Amino acid sequence: MKYVSEYRDEAVVQDYVAEISALVTRPWSLMEICGGQTHTIIKYGLDQLLPPSITLIHGPGCPVCVTDMTIIDQALTLAAQPEIIFCSYGDMLRVPGTSTDLLAVKAQGGDVRMVYSPLDALTLARKHPDRQVVFFAVGFETTAPATAMAVYQAHQQQVNNFSVLLAHVLVPPAMEAILSSPDCQVQAFLAAGHVCTVTGYAGYHQIAARYHTPIVVTGFEPVDILQGVYLCLKQLETGHAQVENQYGRSVQPQGNLPAQQLMNEVFQIMPRVWRGLGTLAQSGLGLRKPYADLDAQLRFADRLPNLPLLHALTPSNNTCISGLILQGLKKPHECPAFGTQCCPEHPLGAPMVSSEGACAAYHRYRAVAFN
Ligand code: SF4
């Protein structure tokens, strides 16, 4: 398959591993931003092919994982309301809130539906004008344009029973938070190719310069990752700190301009609380004033704080170290609950649920090695 097979070619992988081995003269630590990249690294054992002096740190690029507990609890509260059809991407359904998850709410009678797109939720709203339809909008810049389109269409077509519970987050502020931390071990970034397909990468130049940190926009196949690692190491070994684009088959410097225009029309940038990173200024998306009546937090504000607590189905726990995992300070197998108390069938934290979560990747591809 074009654009896939050649990026999984074992001979090319071995060539890059040899090039990297010949290049490095000292230890370096690189962070891959995106959980999709983490899964590729763990699935294909790329970290084990690299010289031992190279450490790959798994970043916070799993949108389900970084969604704060408060907003998950708000989602659970809304999903339990009889007049609401609550729509979510599948990954969110099993993420534990304080005391339960969306699937459990559904089992208790909540009308919770899995959708593939916010436009599917908008279609539901048109079909059920007597119900309120809320879409749980989670994701990075990658999925934000689709949310913007649903909000824009609902506003234009006056679909007044549609709203969104917004949890969108932006990648560059998280990169800056990581680099600003006194515990930071990251010396270069593999930036997320799909995010940059939307945003371009002009905004990354000032991060690379300010923190003297190489940033390579990188794809998701094994050869993509190794090319990204090679380009980062070449800069590190020569003292450079620039932005480079490994993922040229998808990413243009300016990104997707119509998508950005739509996002700018609908969204304004605001602070957002990240699991593991805390509150980051300018790191989230809210609705601009003309669209504010489509904000589920505002529409249901009077009811959210007064609703009864939900049934406890999932025990709350202090064991989960997902905050440290999301900052790249610990690896999943270093969590005491990994593979014992916490597994995909009984997750204690979002990184074990999400298809992009680091704990899920380690459990799927490395569980035997750590048990
Ligand atoms: S293994 Fe489970 S409990 Fe441990 S950090 Fe990951 S999600 Fe949390």
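Not measured: the values here are computed from a predicted model.

Draft legend 1. Up close: unusual backbone geometry. Non-glycine residue Gln158 carries a positive phi angle of around 55°. Here Gln158 is to be found in the loop between helix H8 (144–156) and strand S6 (162–168). Looking at Gln158, the relative accessible area reads 61%, which means it is exposed. A positive phi angle, close to 45°, is found at His212, a residue other than glycine.

Draft legend 2. Summary view of the packing of aromatic side chains. Within the structure shown, the criterion is met by five aromatic pairs. Centroid distance Phe140 to Trp274: 6.0 Å. Interplanar angle 50°. Geometry classified as tilted. Taken as a pair, Phe140 in the loop between strand S5 (132–139) and H8 and Trp274 in strand S10 (residues 267–274) lie far apart in primary sequence, 134 residues in all. Residue Trp274 is classed as buried on the basis of its relative accessible area of 1%. Its end group placed over the ring of Trp28, Arg26 keeps NZ or CZ at 4.0 Å from the ring centre. The ring of Tyr362 is capped by Arg366, whose NZ or CZ atom sits 5.9 Å from the centre of that ring.

Draft legend 3. Highlighting the pattern of salt bridges. Under the defined criterion, the tally for this structure stands at six salt bridges. For Asp47, the salt bridge goes to Arg366, with nearest N and O atoms at 2.7 Å. Remark: Arg366 occurs in helix H16 (residues 358–370) and Asp47 occurs in helix H3 (residues 46–49); sequence separation between them is 319 residues. A residue is classified by how much of its surface remains accessible, and Arg366, at 8% relative accessible area, is buried. Between Arg113 and Asp111 there is a salt bridge, with the nearest N and O atoms lying 2.9 Å from each other. Here the salt bridges share partners, and the residues they tie into one network are Asp111, Arg113 and Arg131.

Draft legend 4. Quick look at the nonpolar core. Core analysis: the biggest nonpolar cluster contains 59 residues, and Leu78, Phe86, Phe136, Leu165, Phe189, Tyr204 and Ile215 have the highest contact counts within it. A per-element tally of this core places helix H5 (residues 69–79) first, with six residues. If sequence neighbours within four positions are ignored, Phe189 has contacts with Met31, Ile33, Met175, Ile178, Leu179, Thr213, Pro214, Ile215, Val216 and Cys232. Of all hydrophobic cores here, the second largest spans 36 residues; its members include Val17, Leu30, Cys232 and Ala361.

Draft legend 5. Structural view of the domain arrangement of the chain. Taken domain by domain, the chain comprises domain 1 (5–63 + 172–245), domain 2 (67–170 + 282–303) and domain 3 (322–370). For domain 1 and domain 2, the distance between their C-alpha centroids amounts to 33 Å. Counting residues at the interface gives 11 residues for domain 1 and 10 residues for domain 2. When domain 1 packs against domain 2, close to 780 Å² is buried across both sides, 73% of that on carbon and sulfur atoms. At the junction of domain 1 with domain 2, the criterion picks out zero salt bridges. There are one residue pair in polar contact (both at pLDDT 80 or more) connecting domain 1 and domain 2. Going through the elements one at a time, strand S2 (54–61), helix H9 (171–180) and helix H10 (193–199) are the ones with two or more residues in the side of domain 1 that touches domain 2. For the side of domain 1 that touches domain 2, the element with the most residues is H10, which contributes four residues. Partitioned by chemical class, the residues of the side of domain 1 that touches domain 2 number eight nonpolar, three polar and no charged.

Draft legend 6. Molecular detail of the pairing of strand S8 (residues 215–218). Burial along S8 is two-sided: the residues Ile215 and Val217 and Val216 and Thr218 are all buried. Pairing of strand S7 (residues 188–192) with S8 involves four bridges; the strand directions are parallel. When the sheet's bridge partners are listed, Ala191 is paired in S8 with Val217. In the sheet, S8 pairs with strand S9 (residues 243–245) via three bridges, with the strands oriented parallel. Paired with Ile215 across the two strands is Val243, which belongs to S9. What joins S8 to S9 is helix H12 (residues 222–238), and the crossover it makes is left-handed.

The rules behind the values
- Residues numbered from 1 in each chain as written.
- Predicted model: local features only at pLDDT ≥ 70, side-chain atom pairs only at ≥ 80, totals over all residues.
- Heavy atoms only, no water.
- Helix = DSSP H or I, 4+ residues; strand = E, 2+ residues; numbered from the N terminus.
- Buried < 20%, exposed > 50% of the residue type's maximum accessible area, 1.4 Å probe, protein only.
- Phe/Tyr/Trp six-rings, centres within 6.5 Å; stacked < 30°, edge-to-face > 60°.
- Lys NZ or Arg CZ within 6 Å of the ring centre and 35° of its normal.
- Salt bridge = Lys/Arg side-chain N within 4 Å of Asp/Glu carboxyl O.
- Core = buried A, V, L, I, M, F, W, Y, C linked by side-chain atoms within 4.5 Å.
- Contact = heavy atoms within 4.5 Å.
- Domains from an automatic or database assignment.
- Buried area = accessible area lost by both parts, 1.4 Å probe.
- Polar contact = N/O pair within 3.5 Å; in protein donor to acceptor, adjacent residues only side chain to side chain.
- Nonpolar A, V, L, I, M, F, W, Y, C, P; charged D, E, K, R; others polar.
- Pairing = 2+ DSSP bridges.
- Right-handed = clockwise from strand over helix to strand, strands pointing away.

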